[in-house]
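Observations on the three-dimensional arrangement
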Amino acid sequence: MQSLEMVSIRRARPGDQVALASIEEEGVTRSLDWQQLLSQGSFFTYLAEDSEPFGYVSAGPAIMQEDQTIGEIVALLLKSEYRGFGMGRKLLVRGLSVLKRREFSIAQIWIPDHAAVARDVVRSLDFEADGSERIVNEMSETSRRETSRRETSRRETSRRETSRRETSYCLSLEDYF
């Protein structure tokens, strides 16, 4: 990681699909279809980068809500080496700004139960748990190295489904900003 003085946050473009996918947590296949998300006019994705992309936020209408006044931070992720410098908070605030400009009155974000730091960040911005929970199933990859009779090795990748519990946090945007 280089100095965070040269960091920029810019709107992601359709050509940024590979960069966005490179930020994904290692070994986890997300259910986000970046091509579709970037081509939809109702979602706004921002990419944080210095010499290389290292984080993103995507915001738009709440995916699983009928209430059209609720906007959602549908994706927020930083590469691990960039965590702890306030960049996640900056990306989250960028997403909240988008939702406020789009005239949503409530912002929602789903936080995995194991993500204590993310939970602390949203709480520091006055998000509150709304009592909703969900189970998310995703595919994870594991690699196994095998050695053949000729002493050459090959990698075999297997996929398995894992699940995690997430809690919904909401923030009123009425008096925000």
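The structure this text deals with has already been given above.
Since we're looking at a predicted model, the values are computed, not measured.

Let us look at the overall build of the chain. Across its full length, the chain holds 4 helices and 8 strands. The secondary structure elements of the chain, listed N-terminal to C-terminal, are β-α-β-α-β-β-β-α-β-α-β-β. When the 177 residues of the chain are sorted by exposure, 40% land in the buried category. Considering only contacts in the chain between residues 6 or more positions apart, those separated by 24 or more positions represent 65%. When the accessible area of the chain is evaluated, it comes to approximately 10900 Å², of which 45% is carbon and sulfur surface.

Glycine aside, a negative phi is what most residues show, and trans is what most peptide bonds show. Within the chain, Glu-103 stands out as a residue other than glycine whose phi angle is a positive 70°. Note on placement: Glu-103 falls in the loop between α3 (87-101) and β6 (106-112). A residue is classified by how much of its surface remains accessible, and Glu-103, at 70% relative accessible area, is exposed. Residues other than glycine seldom take positive phi values, yet Asp-126 does so here, at roughly 75°. You can see Asp-126 is positioned in the loop between α4 (116-124) and β7 (128-147). For Asp-126, a relative accessible area of 57% puts it in the exposed group.

Calculation criteria
Residues numbered from 1 in each chain as written. Predicted model: local features only at pLDDT ≥ 70, side-chain atom pairs only at ≥ 80, totals over all residues. Heavy atoms only, no water. Helix = DSSP H or I, 4+ residues; strand = E, 2+ residues; numbered from the N terminus. Buried < 20%, exposed > 50% of the residue type's maximum accessible area, 1.4 Å probe, protein only. Contact = heavy atoms within 4.5 Å. Areas by Shrake-Rupley, 256 points an atom, 1.4 Å probe, with all protein chains shown as cover.

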